[in-house]
Amino acid sequence: MELFDWSLLSSTIRMVTPILLAALGGALCARVGIFNVGLEGLVLVGAFSAIVGNHFTGNLFLAVLIAALVSIVFSLLFAYMTIKLRANEIVVGVAINFLALGLTTFALRAIFGVKGAFYDKDMAGLPTVEIPIIHDIPVIGGIVSGHSPLVYFAFLAAILLYVFFYRTVTGFRVLAVGLNPVAARSIGLKVTGLQVLAIVMSGALCGIAGAQLSLGQVTMFTEGMTAGRGFIALVAMMMGQSHPLGILASSFLFGLMDALSIRLQGFSLPTQFTAMLPYVLTIAAMFFLKNKSQIGSNNQQSTR
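Bear in mind that the values here come from a model prediction, so they are computed numbers and not experimental data. (Residues numbered from 1 in each chain as written. Predicted model: local features only at pLDDT ≥ 70, side-chain atom pairs only at ≥ 80, totals over all residues. Heavy atoms only, no water.)

**Description of helix 13 (residues 277–288)**
- Here helix 13 contains twelve residues, and its C-alpha end-to-end distance of 17 Å stays within 8% of the 16 Å for a straight helix at 1.5 Å per residue.
- Those residues of helix 13 not exposed but buried are L277, P278, L281, T282 and A285. All buried residues of helix 13 fall inside an arc of 140 degrees around its axis, so they share one side. Opposite the buried face of helix 13, at more than 90 degrees from it, the exposed residues are I283 and F287. (Helix = DSSP H or I, 4+ residues; strand = E, 2+ residues; numbered from the N terminus. Expected span 1.5 Å × (residues − 1). Buried < 20%, exposed > 50% of the residue type's maximum accessible area, 1.4 Å probe, protein only. Arc of directions from axis to C-beta.)

**With respect to the packing of helix 1 (residues 6–31) against helix 6 (residues 149–167)**
- Helix 6 packs onto helix 1 with a crossing angle of 25 degrees between their chain directions and a minimal axis gap of 8 Å. Judged by the angle between their axes, helix 1 and helix 6 are roughly parallel. Relative to helix 6, helix 1 is oriented so that their crossing is left-handed. On the side of helix 1, the interface is formed by I13, V16, T17, L20, L21, L24, A27, L28 and R31, while helix 6 contributes L150, V151, F153, A154, F155, A157, A158, L161, F164, F165 and Y166.
- Tallied by class, residues from the contact of helix 1 with helix 6 come to 18 nonpolar, one polar and one charged. (Axes fitted to C-alpha atoms, helices over the stretch in contact; angles between N-to-C directions. Parallel < 35°, antiparallel > 145°, perpendicular 65-115°, else oblique. Left-handed = near helix turned anticlockwise from the far one by under 90°. Contact = heavy atoms within 4.5 Å. Nonpolar A, V, L, I, M, F, W, Y, C, P; charged D, E, K, R; others polar.)

**Here's the deal with a nonpolar patch on the surface**
- Together, W6, I137, V139, I140 and V144 make up a nonpolar patch on the protein surface, roughly 430 Å² of accessible area in all.
- When you line up the elements, I137 lands in the loop between strand 1 (117–118) and helix 5 (140–144).
- Overall, I137 belongs to the partly exposed group, its relative accessible area being 35%. (Patch = residues over 30% accessible without salt bridge, like charges linked within 9 Å, V, L, I, M, F, W, Y side chains within 5 Å. Areas by Shrake-Rupley, 256 points an atom, 1.4 Å probe, with all protein chains shown as cover. Salt bridge = Lys/Arg side-chain N within 4 Å of Asp/Glu carboxyl O.)

**A closer look at the environment of G203**
- Positionally, G203 belongs in helix 9 (residues 191–217).
- On the basis of relative accessible area, G203 is assigned to the buried category, the value being 0%.
- As a C-alpha pair, G203 and M220 span 17 residues in sequence and 21 Å in three-dimensional space.
- Apart from residues no more than four positions distant in its own chain, G203 is found in contact with L42, A68, S71, I72 and S75.

**Description of the UniProt feature "transmembrane region" (unreviewed entry) in the chain**
- Sequence positions flagged by UniProt for "transmembrane region" (unreviewed entry) are, in local numbering, residues 12–30, 62–83, 90–112, 150–166, 187–211, 231–257 and 269–289.
- For residues 12–30, helix accounts for 100% and strand for 0%, while the C-alpha atoms at its two ends are 26 Å apart.
- For residues 231–257, the helix share is 85%, the strand share is 0%, and the end-to-end C-alpha distance is 15 Å. (UniProt positions renumbered as here; feature names shortened; annotations may be inferred.)

**Description of the side chain of S49**
- By the element assignment, S49 lies in helix 2 (residues 39–57).
- Note on S49: relative accessible area 8%, which makes it buried.
- Filtering out sequence-adjacent residues up to four positions away, S49 remains in contact with A63, I66, A67 and V70.

Set out below in structure tokens:
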């Protein structure tokens, strides 16, 4: 078994999807001047809701849709607390994370009557898509083809979000709100409406990220199965400077570390050591982002 081969890239593409979708959701909030720390909870709720939706409906499309809708409800709670009640967004985000963890743990026991994890051998996960022509190309076909539809949706979402930000009128208005909400309001922009729109879209992306995590990778739910991916998504968003293409690159780096940590388990290395690799990279990235975050905070203070 080799450490680095072409199958590692295929695994990376699969692992990067939840991080990328959550990071894009965080970028939407950041672009309207809101730092959404609740990504972890939104993804966790989406993962559980996807399993519940699939269990009771037997329809994978409805399961993903339910995951997105439930995460949107939680994101609306975040929006109400931060925008309407003007609560501290970091405190609310942390509260959302704990609420999601406690609620999914309780619901797991209340709905399925189990503790720790739920697995149904008869439950179907997300199907894989074999891309015509590309599938038959040596090496490339094995890397690009054969993933779940949500994997391709994640990369498409990054491109669409770039087009939305820099090629549409609404996107420019969103950017204007994030740069200076007072000035944006003075020229007649509906700042509150655009902020709520961004948070709702963020919730939908996080819900889909959770669906990929529970239905596209393992087809089961375990308590706290996000394992910090929401926080890693925040770091990926910061590394990418809230730019969709920059987020795509930084998320790919974290996905590579995630896939590499799984690969290293096959070399008789301790699981505790291999599992910490993505988080070591996260801490290292925060050191590099220290100066940039200080500059960003100074800019926000100057705009206020």
